[in-house]
Amino acid sequence: MNTFSESVQRAFALIGGADPLLLSIVGRSLAVSGTACVAACGAGIVLGAWLGVARFRWRGALITVLNTSLAIPSVVVGLVVYLLLSRSGPLGFLGWLFSFQAMVVAQVLLVLPVCTALTRQVVEDAERANGEQLQSLGANGMLRSLLLAFDERYALLTVLLACFGRAISEVGAVMIVGGNIDGFTRVMTTAIALETSKGDLPLALALGIVLLGVVLALNALIAGVARWRGARTEGLGSWQGAAA
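What you see is a predicted model; the values in this text were computed from it and never measured. Numbering of residues starts from 1 in every chain and runs along the sequence as written. The model is predicted, so local features are restricted to residues of pLDDT at least 70 and side-chain atom pairs to those at 80 or more, both for listing and for counting; the totals for chains, interfaces and linings are taken over all residues. To get the side-chain values, all heavy atoms of the structure are used, and hydrogens and water are removed first.

Next up on the list: the side chain of Arg28. Relative to the elements of secondary structure, Arg28 occurs in helix α2 (residues 20–53). Summary of the burial criterion: residues with accessible area below 20% of their type's maximum are buried, those above 50% are exposed, and those between are partly exposed, where the area comes from a 1.4 Å probe applied to protein chains only. Charge convention: Lys and Arg are scored as positive, Asp and Glu as negative, and His as well as the terminal groups of each chain are ignored. The working definition used for a salt bridge is a side-chain nitrogen of Lys or Arg within 4 Å of a carboxyl oxygen of Asp or Glu. Here Arg28 sits buried without a salt bridge, and the closest side chain of opposite charge, Asp182, lies 6.1 Å off (N-O distance). Within 3.5 Å is the distance limit for a polar contact, defined as a pair of N or O atoms, with the added protein rule that one can donate a hydrogen and the other accept it, and that residues adjacent in sequence qualify only through two side-chain atoms. A distance of 3.3 Å separates a polar side-chain atom of Arg28 from the backbone oxygen of Gly183. Once you skip the residues sitting within four places of it in the chain, Arg28 turns out to touch Gly183, Phe184, Thr185, Arg186 and Val187. Counting from the N terminus, the helices are the DSSP runs of H or I reaching at least four residues and the strands are the DSSP runs of E reaching at least two. Contact between two residues is taken to exist if any of their heavy atoms lie within 4.5 Å; hydrogens are not considered.

Right under this line is the structure:
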């Protein structure tokens, strides 16, 4: 049996046997990315919804900066967070470097621009379609943004899932600020890199399979939400046509 086949078999054995080390790494990854997404998407949806409705002088420039931030390498974000949280940094007093909190902060900074930019586009499109009607009813900018965001909640659910996928597949920033410490800050992506360099291919493959499974499940969920939303909209339109 060659090395690849043996490694694959042992990887599936680790998954099937619920290996404690594997489960702890997966659980830590889900906890870090989930916490980061809750914080980033909570702020990103509100900010993006407001930006989709608001009109001010430097709006175009702000949107350009926001869209540019989507392409910032994760290692640069990790470096910035490292400098902020280091002992000599402005936030060094928190003592968060090489901790769960540091990884969450790094992923928040990575996910926030994604959530804000996608939410802005969704709400701005809804504003073109329904904004004048809401404005005629006396809704101010902030209220319109919240109402339009609620109306587009199924589209925003897709945004949330995309943000979680972005967070859980990140490696550079969490490697820098977390330190990849065994039992404390080691997550799936950093563990895959480490175990591959050590030659422990079964564990690396097992983690890779789980990570691919999570991403696949997210994509399937996004597609399912999109199909359900389309069917619901079509059904509502048919019902309204029959009632008319």
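With their axes 8 Å apart at the nearest point, helix α3 (residues 59–69) and helix α5 (residues 100–136) run at an angle of 130° to one another. Of the possible angle classes, the one that applies to α3 and α5 is oblique. The two elements α3 and α5 meet at a crossing, and its hand is left-handed. From α3, Arg59, Ile63, Leu66, Asn67 and Ser69 reach across to α5, where they touch Pro113, Thr116, Ala117, Arg120 and Glu124. Side-chain classes follow a simple rule in which Ala, Val, Leu, Ile, Met, Phe, Trp, Tyr, Cys and Pro form the nonpolar group, Asp, Glu, Lys and Arg form the charged group, and the remainder, Gly included, forms the polar group. Grouping the constituent residues of the contact of α3 with α5 by class yields four nonpolar, three polar and three charged. The axes used here are C-alpha line fits, helices contributing only the stretch in contact, and every angle between their N-to-C directions lies in the interval 0 to 180 degrees. For classification purposes, angles smaller than 35 degrees are called roughly parallel, those larger than 145 roughly antiparallel, those between 65 and 115 roughly perpendicular, and all remaining angles oblique. Throughout, a crossing is termed right-handed when the near helix is turned clockwise from the far one, and left-handed when it is turned anticlockwise from it by less than a right angle.

Here we take up the packing of aromatic side chains. Within 6.5 Å between ring centres, the rings of Phe, Tyr and Trp (the latter by its six-membered ring) count as paired, and their orientation is classed by plane angle as stacked under 30 degrees, edge-to-face over 60, tilted in between. Within this structure, the stated rule accounts for two aromatic pairs. Only when the NZ of Lys or the CZ of Arg is both within 6 Å of the ring centre and within 35 degrees of the ring normal is a charge said to sit over the ring. When the ring centre of Phe150 is taken as reference, the NZ or CZ atom of Arg153 above it lies at 4.3 Å.

Under the definition given, this model contains seven salt bridges. Note that Asp125 is salt-bridged to Arg128, the shortest N-O span being 2.8 Å. Residue Asp125 and its partner Arg128 are both found in helix α5; the two are separated by three residues, about one turn of the helix. Arg128 gets classed as exposed once you look at its relative accessible area, which sits at 57%.

Inspection of α3 places Arg59, Ile63, Leu66 and Ser69 among the buried residues, and these make up the whole buried set. The arc that holds every buried residue of α3, seen down its axis, measures 120°, which confines them to one face. The inward-facing, buried residues of α3 abut α2 and α5. Arc definition: it is the arc formed by the directions from the helix axis to the C-beta atoms.

Before going further, it helps to spend a moment on the side chain of Glu127. Here Glu127 lies in helix α5. Residue class for Glu127 comes out buried when judged on its relative accessible area of 12%. Apart from the residues within four sequence positions on either side, Glu127 is in contact with Gly52, Val53, Arg55, Glu132, Arg144 and Leu148.

The next point concerns helix α1 (residues 3–16). Any helix carries an expected span of 1.5 Å times its number of residues minus one. Helix length check: α1, at 14 residues, gives a terminal C-alpha distance of 20 Å against a target of 20 Å (1.5 Å per residue), a fit within 8%. The first or second residue beyond α1 is Ala18, which carries a positive phi of 50°.

This paragraph deals with the packing of α2 against α5. For the pair α2 and α5, the least separation of the axes is 6 Å and the interaxial angle reads 35°. The element α2 and its partner α5 pack so that their crossing is right-handed. Of the residues contributing to the contact of α2 with α5, the split by class is 20 nonpolar, eight polar and three charged.

What tends to happen in soluble globular proteins is that the nonpolar side chains get buried as a cluster. Nonpolar core, defined: a set of buried Ala, Val, Leu, Ile, Met, Phe, Trp, Tyr and Cys residues in which side-chain atoms within 4.5 Å join the residues together. The biggest cluster of nonpolar side chains holds 52 residues, and the ones touching the most others in it are Cys163, Met188 and Leu207. Elements that contribute at least two residues to this core include exactly α2, α4 (74–85), α5, α6 (141–151), α7 (153–168), α8 (172–178), α9 (188–198) and α10 (201–243). At 13 residues, the largest contribution of residues to this core is made by α5.

A few words now on the environment of Ala139. Looking at where Ala139 falls in the secondary structure, it is placed in the loop between α5 and α6. Considered as a pair, Ala139 and Val105 are 34 residues apart in the sequence and their alpha carbons are 35 Å apart. With near-sequence residues (within four places) excluded, Ala139 lies in contact with Leu134 and Arg144.

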